[in-house]
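Commentary on secondary and tertiary structure
So the chains spell out like this:
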Amino acid sequence: MAKTLHTPTRKDVAQLAGVSETIVSYVINDNRYVSEDKRRRVQAAMAQLNYRPNSIARALKGKGNSHILFIADNIANEYFGRLVREIDAVAYDKGYLVSLMGVRNNHEFISRILSRQVDAVIISSASLEDRYIQELIDAGLPVVLLMTRDYATITGNVARIYTGIESGIMAAVRCLVDSGCRHLVHVDRVSASGHFSNRQDLRYRGFCNQMESLGLPLSADSFISHCATYEELHDAVMARIRSGMPVDGFVCRNDHLACTVLSAVQACGKRVPEDITVVGFDNSSMSTAVQPPLTTLELERTQIAAAALELIDGMIHGQTPGECHFVSRLIPRATTR
């Protein structure tokens, strides 16, 4: 039987040269800066393996649109869908295509991204670990972080957009306090994988900082967290109310959580907002579908999308990455006084 010859791939070149597949792509396409040492190693590996780039694919790549990858925690979430829609509208006019991918915390996930020759990455994730984000940056990709948490260890060619979630939560706390509330509870995410918040999370931090600055009680009883399902959250809220511990307001990290809280509050026979107030975040479609309609916060999605594309354009053309700051808008409805 004749032996099947293995056609060398870009991955083979990267392994022999000791670089990422993205660096190999940059050398082949000659469209990004690569250090002379890495360039020589890639060229030597290509010669040793007798590697020949796919000229048809390269031609198509040159004629086609550039590719931006948006990485998010829950791609089925309405919040991410609306944000990607805004980014796509701006990106298309600038000649980019945008795709959406859910988070996986492993090296294979990063390798797959790098092998697909994306031109830039936008990340809006509370769960993607810093080490994997750093891998993307170290591979030479322009990365824009929509700041959901404090990325203290991240360095390199990365831009940051502060979307207004921390200041928004602080505004929600202030709104409830101004209406007479004093015993507030922050409702954390539901996570089947055990990923919950701490002070690195900007929503969590905003709640803590505002409570402390206003001199309000802040303890373990000020949080409902570690729920694996929404049914578990519903039961936890009911247990909190029935415990007899004072609570007159819930500040929730998104509208889905807030609607679950609203249902649990009403199941306990409490009036909203007379007895207990509820605030969500994202201004999703469900915020006006529930009764009473939900007070919530909304991000400046259109402006955030434009800023993300401007930062990506700048990094692709060699500019130093910057940062942008936005303020979320409180939308008062019938769940607050």
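Helix and strand counts for the protein come out as 13 helices and 12 strands. In terms of principal-axis extent, the alpha carbons of the protein reach across some 75 × 45 × 35 Å. Put simply, the protein has 337 residues, and 50% of those count as buried. Taking the contacts inside the protein whose residues are at least 6 apart along the sequence as the reference set, 68% of them involve residues at least 24 apart. Of the roughly 15700 Å² of accessible surface on the protein, a fraction of 50% belongs to carbon and sulfur atoms. The centroid of the 36 positive side-chain charges in the protein is displaced by 4 Å from the centroid of its 36 negative side-chain charges.

Turning to the pattern of salt bridges, a few remarks are in order. Per the counting criterion, the structure on display carries 16 salt bridges. For lysine 94, the salt bridge is made with aspartate 313, and the minimal N-O distance between the two is 3.6 Å. Of this pair, lysine 94 sits in the loop between helix H5 (78–93) and strand S2 (96–102) while aspartate 313 sits in helix H13 (residues 301–316); the two residues are 219 residues apart in sequence, bridging distant segments of the chain. Taking the shortest distance from any N to any O, the salt bridge between glutamate 298 and arginine 329 comes out at 2.7 Å. A residue pair is termed long-range when its members are at least 10 positions apart, and glutamate 298 in strand S10 (residues 296–298) and arginine 329 in strand S12 (residues 329–331) qualify at 31 residues. Each of Glu78, Arg82, Glu298, Arg301 and Arg329 takes part in one network of salt bridges that share partners.

Okay, the pairing of S2 next. Looking along a regular strand, one sees side chains alternate from face to face of the sheet. Strand direction decides the pairing type here: strand S1 (residues 66–72) and S2, joined by seven bridges, are parallel. Paired with isoleucine 71 across the strands is methionine 101, a residue of S2.

Bringing helix H10 (residues 230–242) into the picture now. For H10, with 13 residues, the first-to-last C-alpha span of 18 Å sits near the 18 Å given by 1.5 Å per residue. All of the buried residues in H10 are Leu233, His234, Val237, Met238, Arg240 and Ile241. The buried residues of H10 occupy one face: seen down the axis, they fall within an arc of 160°. Those residues of H10 that are exposed and aimed more than 90 degrees away from the buried face are Glu231 and Arg242. On its buried side, H10 packs onto strand S6 (184–187), strand S7 (223–224), strand S8 (249–252) and helix H11 (255–267).

Ordered by their spatial adjacency, six strands build an open sheet running S2-S1-S3-S4-S5-S11, and the pairing between neighbours is parallel. A strand with exactly one partner marks an edge of an open sheet, and here the two such strands are S2 and strand S11 (323–325). The mean angle between the axes of side-by-side strands here comes to 15°, regardless of whether they run parallel or antiparallel. Of the pairings in the sheet, the one linking strand S5 (residues 158–162) to S11 comprises three bridges and is parallel in character. Residue arginine 160 lies in a different strand from S11, and its bridge partner there is glutamate 323.

Regions with low pLDDT should not have their predicted coordinates read in detail. Scored by pLDDT, the protein comes out at a mean of 90, with 93% of its residues at no less than 70. Per-residue pLDDT stays below 50 along residues 1–5; that stretch engages in zero contacts with residues further than four places along the chain or on separate chains.

What follows deals with the packing of aromatic side chains. One pass over the structure, following the stated rule, counts four aromatic pairs. Between tyrosine 204 and phenylalanine 223, the ring centres sit 4.7 Å apart and the planes meet at 10°, which makes this aromatic pair stacked. Of this pair, tyrosine 204 sits in helix H9 (residues 202–213) while phenylalanine 223 sits in strand S7, and the two are 19 residues apart along the sequence. Its relative accessible area of 17% is what places tyrosine 204 among the buried residues. Between phenylalanine 207 and phenylalanine 223 the ring centres are 5.6 Å apart and the planes differ by 70°, which places this aromatic pair in the edge-to-face class. Taken together, the positions of phenylalanine 207 in helix H9 and phenylalanine 223 in strand S7 put the pair 16 residues apart, joining distant regions of the chain.

Turning our eyes to something else, we now look at the sheet that holds S8. The four strands are arranged S7-S6-S8-S9 in an open sheet whose pairing can be described as parallel. Of all the strands in the sheet, just S7 and strand S9 (277–279) have a single pairing partner and so form its edges. In this sheet, S7 lies alongside S6 in parallel orientation, the contact comprising two bridges. Bridge assignment links valine 187 to a residue of S7, and that residue is isoleucine 224. The strands touched by helix H8 (residues 165–178) within the sheet are S6, S8 and S9, with S8 carrying the most contacts at an inclination of about 170°.

Criteria and thresholds
- Residues numbered from 1 in each chain as written.
- Predicted model: local features only at pLDDT ≥ 70, side-chain atom pairs only at ≥ 80, totals over all residues.
- Heavy atoms only, no water.
- Helix = DSSP H or I, 4+ residues; strand = E, 2+ residues; numbered from the N terminus.
- Buried < 20%, exposed > 50% of the residue type's maximum accessible area, 1.4 Å probe, protein only.
- Contact = heavy atoms within 4.5 Å.
- Areas by Shrake-Rupley, 256 points an atom, 1.4 Å probe, with all protein chains shown as cover.
- Lys, Arg positive; Asp, Glu negative; His and termini not counted.
- Charge placed at Lys NZ, Arg CZ, Asp CG, Glu CD.
- Salt bridge = Lys/Arg side-chain N within 4 Å of Asp/Glu carboxyl O.
- Pairing = 2+ DSSP bridges.
- Expected span 1.5 Å × (residues − 1).
- Arc of directions from axis to C-beta.
- Axes fitted to C-alpha atoms, helices over the stretch in contact; angles between N-to-C directions.
- pLDDT = per-residue confidence, 0-100.
- Phe/Tyr/Trp six-rings, centres within 6.5 Å; stacked < 30°, edge-to-face > 60°.

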